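Spelled out from the first residue to the last, the chains are:
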Amino acid sequence: MSDKSLDVSSEKRRRNLVWGTTWLAYASYYFGRKTFSSAKHALEAAKVLDLKQLGYIDSGYLAAYSLGQFMNGALGDRVGARRLVGFGLIASAALCAAFASSSTALALTVIFTLNGVAQATGWPGVTRAMTEWTTPANRGTVMGFWSTCYQAGPLVAGPLASLLVHAYGWRTGFRIPAAIMVLVGVLVLLLVRPGPAPVGAGVPVAEEVAERRRAQRAVLGNRVLWSYGACYFFIKFIRYALQLWLPYYLHKQLGYADDKAGSIAATFEAGGLVGVITIGVLSDKRSLGRLPLSAASLVGLALALFACVQLVG
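Notes on the structure in this doc start here.

Conventions used here
- Residues numbered from 1 in each chain as written.
- Predicted model: local features only at pLDDT ≥ 70, side-chain atom pairs only at ≥ 80, totals over all residues.
- Heavy atoms only, no water.
- Helix = DSSP H or I, 4+ residues; strand = E, 2+ residues; numbered from the N terminus.
- Buried < 20%, exposed > 50% of the residue type's maximum accessible area, 1.4 Å probe, protein only.
- Contact = heavy atoms within 4.5 Å.
- Areas by Shrake-Rupley, 256 points an atom, 1.4 Å probe, with all protein chains shown as cover.
- Lys, Arg positive; Asp, Glu negative; His and termini not counted.
- Charge placed at Lys NZ, Arg CZ, Asp CG, Glu CD.
- Expected span 1.5 Å × (residues − 1).
- Arc of directions from axis to C-beta.
- Core = buried A, V, L, I, M, F, W, Y, C linked by side-chain atoms within 4.5 Å.
- Disulfide = S-S within 2.5 Å.
- Patch = residues over 30% accessible without salt bridge, like charges linked within 9 Å, V, L, I, M, F, W, Y side chains within 5 Å.
- Salt bridge = Lys/Arg side-chain N within 4 Å of Asp/Glu carboxyl O.
- Axes fitted to C-alpha atoms, helices over the stretch in contact; angles between N-to-C directions.
- Parallel < 35°, antiparallel > 145°, perpendicular 65-115°, else oblique.
- Polar contact = N/O pair within 3.5 Å; in protein donor to acceptor, adjacent residues only side chain to side chain.
- Phe/Tyr/Trp six-rings, centres within 6.5 Å; stacked < 30°, edge-to-face > 60°.
- Left-handed = near helix turned anticlockwise from the far one by under 90°.
- Nonpolar A, V, L, I, M, F, W, Y, C, P; charged D, E, K, R; others polar.

**Description of the overall build of the protein**
Within the protein one finds 13 helices and zero strands. In the protein, which comprises 313 residues, the share counted as buried stands at 39%. Taking as baseline every contact in the protein between residues at least 6 positions apart, the subset at least 24 positions apart corresponds to 82%. As presented, the protein carries roughly 16500 Å² of accessible surface, and 68% of it is formed by carbon and sulfur atoms. Taken as two groups, the 30 positive and 15 negative side-chain charges of the protein have centres that lie 2 Å from each other.

Right, dumping it as structure tokens:
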């Protein structure tokens, strides 16, 4: 076998390793998110937090998560995807463990708000790594399959958290997922490496900064990207409403046990697995286009929500 063939084979193995590790990494971030939604009823029943305080914690987390996306995107340019994701997971795990050891509303709010910043290392980091290990020709299909991580993560983390909270209490529901995140964070630090063409590789710093500023100005003036951003905002609005409050609603309003509520809430993620793969593959077909697929998905989401409201009453 020639040296060139060996190099190609080695690069393919490294690529697959990065794809798999980053998939696992982003799925694992949900172990630091889903426990709180699964533990809301237990925290309220134990008189640790009331309904208003639960809402404040969600608001603090989401605000920090939003701002953290900007900060961690810039940080990823400096430290690379491996460090950003690896240490981000470990930081989130430490904060979840601290949450499990606290009992006052103020401490819990501050800790989970900081967890929002740590959690925001995930998407900027893993997508940077995937950009380095994909090409424009295969990115839609690859990312369609790879993006199942944000469906598979809550599909596993939600029911697990609900089972732990139901069987052992809310504190254990945070500690065991934290241990899982630490293990995955270490794997990321050991296995993820820059791609064959890292972002910005070989470009002088001044030229890279100038190019980034030109790209930012182009984004701000691009109506199509603003439309995509608006669509994504409303999708996230629905997604986080269901992710953060569906187990609580199923328990409080419909009387389901904590573990059953968590399992039923996970069906939302199960449906997403099919959708994200299908749309990712279809998006690479020139005859369809990404914009019509996005529009059709939004219409489908609206119809599904309307049907759900009518059925639940």
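From this point, the narrative continues.
**Some thoughts on helix α8 (residues 170-191)**
Its 22 residues place the ends of α8 33 Å apart at the C-alpha level, agreeing with the 32 Å of an ideal helix rising 1.5 Å per residue. Within α8 the residues assigned to the buried category are Trp-170, Gly-173, Phe-174, Pro-177, Ala-178, Met-181, Val-184, Gly-185, Val-188 and Leu-189. Buried residues along α8 cover an arc of 140 degrees about the axis, so they all sit on one side. Turned more than 90 degrees away from the buried face of α8 sit Leu-183 and Leu-190, all of them exposed.

**Overview of the nonpolar core**
Within the largest apolar cluster, 51 residues are counted, with the highest numbers of intra-cluster contacts made by Phe-36, Leu-43, Leu-49, Leu-89, Phe-99, Trp-170 and Phe-174. Looking at this core, the element that brings in the most residues is helix α3 (residues 51-100), giving 12 residues. Every residue in contact with Leu-49, bar those within four places of it in the chain, is listed here: Phe-36, Leu-43, Glu-44, Leu-54, Ile-57, Ala-105 and Leu-108.

**Overview of the state of the cysteines**
In total, this model carries zero disulfides according to the counting rule given. For Cys-149, which is in no disulfide, the shortest distance to another cysteine sulfur is to Cys-96 and amounts to 18 Å. A relative accessible area of 0% means that Cys-149 is categorised as buried.

**So, a nonpolar patch on the surface**
A surface patch of nonpolar side chains, about 510 Å² in accessible area, is lined by Leu-17, Leu-24, Val-182, Val-186, Leu-187, Leu-190 and Leu-191. When residues of the nonpolar patch are traced back to their parent elements, those giving at least two are α1 (3-29) and α8. It is α8 that contributes the most residues to the nonpolar patch, five residues altogether. Looking at the secondary structure, you find Leu-190 in helix α8. Accessibility expressed as a relative area gives 56% for Leu-190, which makes it exposed.

**Re the packing of helix α6 (residues 139-146) against helix α12 (residues 267-283)**
Closest axis-to-axis distance for the α6/α12 pair is 7 Å, and the angle between their directions is 175 degrees. When the axes of α6 and α12 are compared, the pair comes out roughly antiparallel. In this structure, α6 contributes Gly-140, Thr-141, Gly-144 and Phe-145 to the contact, and α12 contributes Val-276, Ile-277, Gly-280, Val-281 and Ser-283.

**Details of unusual backbone geometry**
Although it is not a glycine, Lys-47 adopts a positive phi angle of roughly 60 degrees. Secondary-structure assignment places Lys-47 in the loop between α2 (34-45) and α3. Note on Lys-47: relative accessible area 74%, which makes it exposed.

**As for the side chain of Thr-22**
Following the sequence through the fold, Thr-22 ends up in helix α1. At a separation of 3.2 Å, a polar atom in the side chain of Thr-22 contacts the main-chain carbonyl oxygen of Trp-19. Of note is the side chain of Thr-22, whose polar atom sits 3.1 Å from the side chain of Trp-146. Setting aside residues up to four positions removed in sequence, Thr-22 forms contacts with Val-126, Ala-129, Met-130, Trp-146 and Val-192.

**With respect to the packing of aromatic side chains**
A full pass over the atoms with the stated rule returns 17 aromatic pairs. Their ring planes at 90 degrees and their centres at 6.5 Å tell us that Phe-112 and Phe-174 sit as a pair that is edge-to-face. A residue pair is termed long-range when its members are at least 10 positions apart, and Phe-112 in helix α4 (residues 105-119) and Phe-174 in helix α8 qualify at 62 residues. Like Phe-112, the residue Phe-174 is buried in the burial classification. Ring centres 6.2 Å apart and planes at 80 degrees place the aromatic pair Trp-123 and Tyr-150 in the edge-to-face group. On the criterion of sequence distance, the pair formed by Trp-123 in helix α5 (residues 122-132) and Tyr-150 in helix α7 (residues 149-168) is long-range, its members being 27 residues apart. A relative accessible area of 25% means that Trp-123 is categorised as partly exposed.

**Points about the pattern of salt bridges**
The final tally for this structure, using the stated rule, is four salt bridges. One salt bridge connects Glu-44 with Lys-252, and the closest N-O pair in it is separated by 3.5 Å. Separated by 208 residues along the polypeptide, Glu-44 in helix α2 and Lys-252 in helix α10 (residues 223-252) bring together distant segments of the chain. What makes Lys-252 partly exposed here is its relative accessible area of 41%.

**Describing the packing of α3 against α8**
The relative placement of two packed helices comes down to the angle between their axes together with the axis-to-axis distance. Packing of α3 against α8 brings their axes to within 8 Å, and their N-to-C directions diverge by 165 degrees. Viewed along their axes, α3 and α8 adopt a mutual orientation that is roughly antiparallel. Once α3 is placed against α8, the crossing between them reads as left-handed. Class assignment for the residues of the contact of α3 with α8 results in 17 nonpolar, three polar and four charged.

This is a description of form; function is not addressed.
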